[in-house]
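# Observations on chain architecture
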Amino acid sequence: MGGKKMSSPRIIHLSWGHIKVEGGKSYKDAKLYPGGSREWNWDETGTDHVPGVQPSDVEELLDHGARIVILSSGMNEGLQVKPETLERLKDQGVEYHILQTESAVELYNEMSENKPVGGLFHTTC
């Protein structure tokens, strides 16, 4: 790869139920990480608002080289995060932030300019 670090794609639009990422990709909920993004499908990991974000939800971000993880709690902060998920991030020495979705997008975009950041973004509730 010639030593060039892959950057995380910027979020260019957020509205209720919709997030648009650099490169023209749109999602309902999104996983973003250094080098790419994809739909965050809760069915893959059994995620639900309660108990919330699963450790397996963040695994993919870490596998792609994220050293900072932004977890959005939803537009109205209806999404929780399992304590085991935070333990997993702490064990890996990963910095994390849990924020309301609009604030999460703001922080993520700021960090994506020069840091290996990943994020899980929930665009409703």
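Whatever comes next refers back to the structure up there.
Residues numbered from 1 in each chain as written. Predicted model: local features only at pLDDT ≥ 70, side-chain atom pairs only at ≥ 80, totals over all residues. Heavy atoms only, no water.

Let us now look at unusual backbone geometry. With an omega dihedral of 10°, the bond running from Val 50 to Pro 51 counts as a cis peptide bond. Relative to the helices and strands, Pro 51 is located in the loop between strand E5 (36-39) and helix H1 (55-63). The phi dihedral of Glu 77 falls on the positive side, at around 55°, and the residue is not glycine. For Glu 77, the location among the structural elements is in the loop between strand E6 (68-72) and helix H2 (83-91). Phi is positive for Cys 125, close to 30°, though the residue is something other than glycine. With respect to the element layout, Cys 125 can be found in the segment after strand E8 (117-122). For Cys 125, a relative accessible area of 21% puts it in the partly exposed group. (Helix = DSSP H or I, 4+ residues; strand = E, 2+ residues; numbered from the N terminus. Buried < 20%, exposed > 50% of the residue type's maximum accessible area, 1.4 Å probe, protein only.)

Time to look at H2. For H2, the set of buried residues is Thr 85, Leu 86 and Leu 89. Buried residues of H2 fall within an arc of 95° about the axis and therefore sit on the same side. Looking at H2, the residues exposed on the side facing more than 90 degrees away from the buried face are Pro 83 and Asp 91. Here the buried face of H2 lies against H1, E6 and strand E7 (95-99). Count one or two residues on from H2 and you reach Gly 93, which has phi positive near 70°. (Arc of directions from axis to C-beta. Contact = heavy atoms within 4.5 Å.)

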